[in-house]
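Read off the chains here:
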Amino acid sequence: MADVAVLLSGGLDSAVVAAHAARAGVVLPIYVSSGLSWEREEVALVERLLQSAPFRSNVDPLVRLALDVSDIYPDAHWARQGSPPAYDTPDEDVYLPGRNVLLLSKAGVLCALRGIPRIAIGSLAGNPFPDATPGFLASMSQTLSLGLAHPLTIEAPFSSMHKDDVIALGVSIGVPFELTLSCMNPAEGRHCGLCSKCRERRDGFAAARVADPTEYLAESPRKMAGSG
């Protein structure tokens, strides 16, 4: 039985969470498909990521769950259309209402059925969303534990860390960041280079002073504008 389930989106934060957790116990990686535009690219890289060295021990096979949101996020929603907020827009612009509520609910049921006591997510310091706060995670832990009659703790082990801290940790344990995907409009496994998640990723590598192995389809708009 796994010691912890990790919601593994394929982004660098959740990848480091999973690799780090696997150093202490058995991890069950979970990928949840919701009908969002980037998921086909994302899960293809997740499959490759899990074949790399940090995930060859103490990591169970990937579990793929489905949780369609097309009935609550309309066809015109940017996350379904593949038209994400632009490069320097604020983090709040990519908020998907209820996303963690939905993901944790589905993953929680699976954990109860399998007897897994913990779920870990990759939320970082400064996350502005209401479903990533310590109060929400504690409340959700209690609600799922009560509703499923199964003690379940939801953890955000990197909640005091910033992107550059996570990158530095990932480097130290050998996470292949070229097999992670942070982009909201990827193509053929490559980052678009123009969305706010690509900006966040570039800034993280720069702050960590680590060479960015990411292949971007476009240069930074800041660089194209001559400001960086």
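Residues numbered from 1 in each chain as written. Predicted model: local features only at pLDDT ≥ 70, side-chain atom pairs only at ≥ 80, totals over all residues. Heavy atoms only, no water.

Moving on to the sheet that holds strand β4 (residues 118–120). The 5 strands lie next to each other as β3-β2-β1-β4-β5, forming an open sheet whose pairing is parallel. Single-partner strands in this sheet number two, and they are β3 (63–66) and β5 (153–155). With direction set aside, neighbouring strand axes in the sheet form an average angle of 25 degrees. As paired elements, strand β1 (residues 4–7) and strand β2 (residues 27–33) share 4 bridges and run parallel to each other. Note that in β2 the partner of Val6 across the bridge is Pro29. Relative to the sheet, helix α2 (residues 39–49) contacts β2 and β3, its axis offset from that of β2 by approximately 165 degrees. (Pairing = 2+ DSSP bridges. Helix = DSSP H or I, 4+ residues; strand = E, 2+ residues; numbered from the N terminus. Axes fitted to C-alpha atoms, helices over the stretch in contact; angles between N-to-C directions. Contact = heavy atoms within 4.5 Å.)

Another point: the state of the cysteines. Tallied over the full model, the rule gives 0 disulfides. Distance from the sulfur of Cys195, which forms no disulfide, to the nearest cysteine sulfur (Cys198) is 3.7 Å. Under the relative-accessibility criterion, Cys195 is labelled buried at 1%. (Disulfide = S-S within 2.5 Å. Buried < 20%, exposed > 50% of the residue type's maximum accessible area, 1.4 Å probe, protein only.)

What follows deals with the pairing of β1. Residues of β1 alternate between two faces, with Val4 and Val6 on one and Ala5 and Leu7 on the opposite face, all of them buried. In this fold, β1 hands off to helix α1 (residues 12–21), which returns the chain to β2; that crossover is right-handed. Inspection of the sheet shows β1 paired to β4 by 2 bridges, in the parallel sense. Considered in β4, the bridge of Ala5 is made with Ile119. (Right-handed = clockwise from strand over helix to strand, strands pointing away.)

Running from N to C, helix α6 (residues 163–172) and helix α7 (residues 196–208) cross one another at 65 degrees; their axes reach a closest spacing of 8 Å. Classified by the angle their axes make, α6 and α7 are roughly perpendicular. Classified by chirality, the crossing of α7 by α6 is right-handed. Taking contact as the criterion, the partners of Lys163, Asp164 and Ile167 in α6 are, on α7, Glu200, Gly204, Phe205, Ala207 and Ala208. When grouped by side-chain class, the residues that make up the contact of α6 with α7 number 4 nonpolar, 1 polar and 3 charged. (Parallel < 35°, antiparallel > 145°, perpendicular 65-115°, else oblique. Left-handed = near helix turned anticlockwise from the far one by under 90°. Nonpolar A, V, L, I, M, F, W, Y, C, P; charged D, E, K, R; others polar.)

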